[in-house]
Every structure is written in C-alpha cells, then in structure tokens.
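Remarks on the overall topology
This is what each chain is made of:
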Amino acid sequence: MSTTRPAGGIRLTPHVFRLTFLPVWHRNFLVWKKLAIPSLLGNLADPMLYMLGLGYGLGRLLPDIGGVPYLNFLAAGTVCYSVMNSATFETLYSAFSRMHVQKTWAAILNTPLGLRDVLLGEWVWAASKSLLSGIAILLVIWGLGLQADFVMSLGLLPVIVLTGLCFAGLGLAINAVSPNYDFFLYYFTLAITPMVLLGGVFYPATELPAWLKAAADWLPLTHAIALARPLVLGQLPQDILWHGMVLLAYGLAGFWAACRLTRRRLLR
Amino acid sequence: MSSALSLKDLRKSYGETEVVAGLNLELAPGTCHGLLGPNGAGKTTTLRLALGLIEADAGSIELLGHRLPHEASQARMRVGVVPQADSLDPDFTVRENLLVFGRYFGLARREIEARLPALLDFAGLAGKADTRIDALSGGMKRRLALARALVNDPDVIFLDEPTTGLDPQARHLIWQGLRRLTAQGKTLLLTTHFMEEAERLCDRISIIDHGRLIAEGAPRELIAAHVEAHVVEIDGEDSENGCEHLAERYCRRCEKIGETLFCYTAEPQALIAALEGMPHLRYLHRPANLEDVFLKLTGRDLRD
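Residues numbered from 1 in each chain as written. Chains lettered and ligands numbered in written order. Predicted model: local features only at pLDDT ≥ 70, side-chain atom pairs only at ≥ 80, totals over all residues. Heavy atoms only, no water.

Attention now goes to the nonpolar core. Among the nonpolar cores identified, the biggest contains 160 residues, and B:Leu5, B:Phe158, B:Leu178 and B:Leu290 are the most heavily contacted of them. At 16 residues, the largest contribution of residues to this core is made by helix α3 (residues 70-101) of chain A. Looking at which domains feed residues into this core, each of domain 1 (5-218) and domain 2 (228-287) of chain B supplies at least three. Setting aside residues up to four positions removed in sequence, B:Leu178 forms contacts with B:Leu146, B:Leu159, B:Leu188, B:Leu190 and B:Leu201. Among the nonpolar cores identified, the runner-up in size contains 12 residues, and B:Ile234, B:Ala247, B:Leu271 and B:Leu275 belong to it. (Core = buried A, V, L, I, M, F, W, Y, C linked by side-chain atoms within 4.5 Å. Buried < 20%, exposed > 50% of the residue type's maximum accessible area, 1.4 Å probe, protein only. Helix = DSSP H or I, 4+ residues; strand = E, 2+ residues; numbered from the N terminus. Domains from an automatic or database assignment. Contact = heavy atoms within 4.5 Å.)

Our focus in this paragraph is the side chain of B:Arg142. Relative to the assigned elements, B:Arg142 resides in helix α5 (residues 138-149). Every residue in contact with B:Arg142, bar those within four places of it in the chain, is listed here: B:Val82, B:Pro83, B:Gln84, B:Ala85, B:Asp86, B:Asp160, B:Glu161, B:Pro162, B:Leu166 and B:Ile174.

Moving on, we come to the domain arrangement of chain B. Assigned domains of chain B: these are domain 1 (5-218) and domain 2 (228-287). In this structure, domain 1 of chain B and domain 2 of chain B have C-alpha centres spaced 40 Å apart.

Facing the 25 residues of chain A at the interface are 27 residues of chain B. In total, chain A and chain B occlude about 2,500 Å² of area from one another, counting both sides; carbon and sulfur atoms represent 60% of this. When the buried surface of chain A facing chain B is broken down by residue, A:Asn110, A:Pro112 and A:Arg268 rank first, second and third, together holding 24% of it. Where chain A meets chain B, there are three salt bridges. Note that A:Arg27 is salt-bridged to B:Asp91, the shortest N-O span being 3.8 Å. Counting the contacts that link chain A with chain B gives 10 residue pairs in polar contact (both at pLDDT 80 or more). Considering every element that reaches the side of chain A that touches chain B, the biggest residue donor is helix α1 (residues 22-34) of chain A, with seven residues. Counted by class, the side of chain A that touches chain B contains 13 nonpolar, six polar and six charged residues. (Buried area = accessible area lost by both parts, 1.4 Å probe. Salt bridge = Lys/Arg side-chain N within 4 Å of Asp/Glu carboxyl O. Polar contact = N/O pair within 3.5 Å; in protein donor to acceptor, adjacent residues only side chain to side chain. Nonpolar A, V, L, I, M, F, W, Y, C, P; charged D, E, K, R; others polar.)

Have a look at this one:
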C-alpha cells in the first residue's frame, strides 16, 4: 500500500487500511527494546513455574490424561495462559501508564494521528508482545520435546496471535473505564482467575459438572485451549472455525468498546 | 492568506454548563495571539476545539484552510502543540523523544535526524541529546516540549501555559524562543496566566470569560481603552480612613483589595503630592498594565 505523506496525503488511503497506527506500535517497540530481556523473563517466569512445577511435581502423582503425561497435557494450557497474561498486563498496566499517567496518548492526539491509530497501535502491539511470550513457551515445549508432532505444533502460532488479539482487545476496553491501577484487580478476580481455573489450563474442561462446563464455554480462554491442546498432542482440533470466531469476536468487541469508551474518556 | 485560525460563533456545552458560548476569534498569520481568561473561562476547551480534538455543538472552525473537525488530521500536519503537561516520554532520551514524535507526522527517520541539530540548538539542549528525560530540569523539559512541537516545522503553534512553574531565568529563555518563532513568520496562539508574559509577547490579545470574548486588541490598546494610564497603590496602617477620601478627591476610580487601595488616574501628580505629606502611608506609582485590565474585566474588581 502506498501512503503519500506530505500535507493532506495522510488520508488518501481508505480509512480501514491506513497504516498510520504503525508509529504508535513502533514507539512501544522502542521502549520495550530497552528492557527486552527482563521483560521477556518476567513474562516467562510465571507460566514456566506453573508448567514445570505442576507438570513435574503434580504430574508424578497423576495418571496420564488421555494417554499423555500431565506435563505434556499442561503445555498447551500454559501457552494460552501465558499469552493471555502478557496481552492483559500490557493493555492494563502499561497502556494505563501511557494513557493516564504519562499522557503519551494525549501527546500523540495532538499530531495528525487519531484515537483509532493510537488504539490500533496499542492493540497490535500488545498482541505482538504476547506473541513473543507464546513463542517463548513454545520454544520450551520444543526443547523438552513435549509436542507429539512438530509440524502440527506450528499451528499454535495462529492460535497465539488470535488469543493475543482477543485478550488485548478486552484489556483495552477495561483500561478505558479504569479510574486507577487498583481497578484492574476486579478484572483479574472476576475474569482472569475464573478463566485460568475453569478454562481447562490445568485439567480437561470436560471434567466439570455440566452447569459449570456451560459457564466455562463462554470464556474465551476455553476456546483458545480447545484449539491449542490438540495441536500440541498432534491432533487436528475440532470446530476450528467456531473457536477461532469466538476468539476473534471477543477481541473485536473489546476493541470496538475500547474505541467508544476511550473516546468518551479523552475526547469530549 | 486569510486567518491561520478562524473560530465563528463557537459553542460547546457540558451538561448544563456552556463552556464556550458563542466565541469568535481570528488569528492573523505571523502574529502571536494571546488567549487570556481566569481558570474555567473556556481556554483549554477552545484550544481542544481549535485542534479538532472535540466537536463543537455549533459554529465553525477553520484551521490553516481546513474545516474542522472533518479535516483535523490534515490541519494538524501543519500545527505544533506545547501542552500544559509536558507529556514527554520518560523512557526515552531527548533525541529519541524528537525522533519518535516526528514519526507521528509520517516523517522519515533521516528527515527528522536532519532537523535534530537545529531543534536541539533552538531549545538550548545541544549537549543533552542523549540525556534521559528524568535528568532534565523543569525548564529544560519545557524547552524540549517546545522543540518537540516544532519537529514537523509547523505554521501554527498552540502553547498552553508554556511557562507555568518555571523560574524567571527559564521563563526568559522560553520568551526568547517564542520571539524567534514569530520573527520566522510562525503564528502563535498562547494561553497564559502571566499578564506580563502576554503583554511582552503578544501582538494581539483576546480576553475571554464564561466562554465569551469580553475584550480584544493589542496590549497597549486594551490598556488605553479600559483603564486609566496611571496606577497608585497605597498601603499603610491608616489606609482604611485617611486615604479613601484622598483617593476620591484625586482620582477617577479606586478599588480596595485587601489592605491595598488601587487608585486609577490619568493625572497622578496631585495625588502623589498629597501622599508625600502623609509619611505613614506607603505608595507605589506605576503605569497601568494588562493585569489591571484583566482584573477589571473579569470581575475581580472589588468596587462596591
């Protein structure tokens, strides 16, 4: 796509296809680059400890699940959990700093860029960062040989991207209505923790009683894991389109709400 | 070219409150225009409207030939903004702040890099290119915010209280910078609470209150039109009694603010002669200034 830049040219390309959000993405990338190693370690440590601690420690006491050791079973859940965490932290704490504390967004809005560019840049950035977190866990999986089939496990990459976009969109919507950092605790308590415990990270969601299973089916993480787990175990997931659409729908709905709510917050 | 910025019958309400209530403003190219008003007068809302950040309820806005808010993005290509809060990127150095900001205007990295030396020089930050933001003084941060507003070589620059919180040295440096910008032909829209600053820098001043324009003109014109040429401020133990009738006898208008009596007059000699004979009173004779106009027009005038 070509965007001729000087005066007036910035709008020549149709609105939806504009790449004018890229400078916002790039700004976040440059900041991240300065602290890339500690940031990656921070993202990795928590899910890795869950996977290795529970996988080895608890795994010894458990029978195989569906014919695979518990550690192998846990791997896919850990990927999704890690991606969700990374996208959520980025769009809550980090984006809130930029929006509310540092006024970075306000400064950008004084340039030709609009709020849509800012939010699109943040959305794609958070998804990019969570893609890195997902890939980091994937490298561990490959390193330990937890995947049943290497080629099939490559299918995790698009799942990671979708999951990242899903939780980044939801996170931006929460960010838009948040008065302070403390508010995010509600989101973790009411949304993230239930997802981790009911979405099938640690055990197959099918083990839940029917009514709880029905509730868990509404959670986006359940759908991410429904795609990721078979891919680690060397199988083609069932209902790929359905699960993919649910993740995308949550992400788009979150992003749309974020646009509406942030406009109300900053530009009125 | 016509006005750099033209606001016509502009209105904006929040709930029941009409923050901008039929405001008209024409910004002549190449001039420094001051927008003055007490807190809550509608200055910041006017600036946000003029940048196309928020939509007006009624009226029209034209910025550099572009209709707002529809063509806000194109208009802002040619505009620089120095916001009230610096909003510099604390994770970046001085140089990186300018590089990153230039990208928001679609500028290529080498284009911005070519402009960097001149920008750093303008801001007096030539030796600080690789300094992190938290190591800069308040004055340096403001100058960097000014340099950042120039990264796209704008025609119009909006400055929202650019010297608030600075010491006199730092303030004078900013003033020098702003004078150089008008000398280069840039158009400036300046909001400030410092009347002295507005009087020194602005070719033209609009005083607004309750979202309405209440006076407009060159600083000297405003002073000539609204207040007497001389002010005698009288202080002292006895200022309650003795001096009030004195003031009434010798000057056109006087007002009492706290313990001080302000006497406005075209011919101060007789009053001063009388005050010379009253050593228990302290007095100060000075020419009238913009602050006198401002206080009179915005109703802080305690004549009762």
